[in-house]
Amino acid sequence: DSGVTQTPKHLITATGQRVTLRCSPRSGDLSVYWYQQSLDQGLQFLIQYYNGEERAKGNILERFSAQQFPDLHSELNLSSLELGDSALYFCASSVPGGGPLDSPLHFGNGTRLTVT
Amino acid sequence: AQSVTQLGSHVSVSEGALVLLRCNYSSSVPPYLFWYVQYPNQGLQLLLKYTSAATLVKGINGFEAEFKKSETSFHLTKPSAHMSDAAEYFCAVRPAGNTPLVFGKGTRLSVIA
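Residues numbered from 1 in each chain as written. Chains lettered and ligands numbered in written order. Predicted model: local features only at pLDDT ≥ 70, side-chain atom pairs only at ≥ 80, totals over all residues. Heavy atoms only, no water.

### Remarks on the pattern of salt bridges
Next up, step 1: Going through the model one piece at a time under the given rule, you end up with five salt bridges over all chains.
Next up, step 2: When the shortest N-O distance is used, the salt bridge between Asp-85 of chain B and Lys-78 of chain B registers 2.9 Å.
Next up, step 3: Under the relative-accessibility criterion, Asp-85 of chain B is labelled buried at 2%.
Next up, step 4: Residues joined by salt bridges that share partners form a network here, namely Arg-63, Glu-82 and Asp-85 of chain A. (Salt bridge = Lys/Arg side-chain N within 4 Å of Asp/Glu carboxyl O. Buried < 20%, exposed > 50% of the residue type's maximum accessible area, 1.4 Å probe, protein only.)

### Here's the deal with the interface of chain B and chain A
Quite often, the size of an interface is put as the accessible area lost when its parts meet.
Next up, step 1: At the interface, 18 residues of chain B touch 23 residues of chain A.
Next up, step 2: A buried area of about 1,800 Å², summed over both sides, lies between chain B and chain A, and 54% of it is on carbon and sulfur atoms.
Next up, step 3: Applying the counting rule to chain B against chain A returns zero salt bridges.
Next up, step 4: Counting the contacts that link chain B with chain A gives four residue pairs in polar contact (both at pLDDT 80 or more).
Next up, step 5: Residue contributions to the side of chain B that touches chain A peak at four residues, all from strand β4 (residues 32-38) of chain B.
Next up, step 6: For the side of chain B that touches chain A, a count of residues per class yields nine nonpolar, six polar and three charged. (Contact = heavy atoms within 4.5 Å. Buried area = accessible area lost by both parts, 1.4 Å probe. Polar contact = N/O pair within 3.5 Å; in protein donor to acceptor, adjacent residues only side chain to side chain. Helix = DSSP H or I, 4+ residues; strand = E, 2+ residues; numbered from the N terminus. Nonpolar A, V, L, I, M, F, W, Y, C, P; charged D, E, K, R; others polar.)

See below:
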């Protein structure tokens, strides 16, 4: 058990809809990362938050947004969903304060999003 | 941009045989390298990491990886494959600076009885 909790585990929705994915990091971890995993693109970094502030942005679409709350949990919002958004979305957290450069990420079990 | 290349999207070995999963990185400065494993319907788990303390890194479940700067490689090996090793393996690099990990496309390992 990594200590990172993601809800829900599965989500099925229709095109054009909006969904919210939730992540609770390991106790004490200040950094949260969101990744998208699909068969054709592999693991793609979306966005990172550190103690409530956006720290780094990757290949995140404008239809997607995220935030990190004062209690350090994070939400990833996906809107105007398209079929191509179907993927596994992972949240990861790292050691308190961001940690040294060799600090690993600890991953949740992911949310599988299916857009029909 | 920093990147990693995993040679072979699918590797199949017999139980008891050597496992070799290849990873090459591109980096102009010493990188921080990681191997992760993903079992079906689970998240990624850290196998091992390279931190420049030693070129041969030992990880969990009998896996190890050797950092070779001259070859810009960080290949993952295990002397004897078990059925339970069947999973997806990802190599990842953290470029210099406190930036997110960049992952390779993964290699699916199948173990044949």
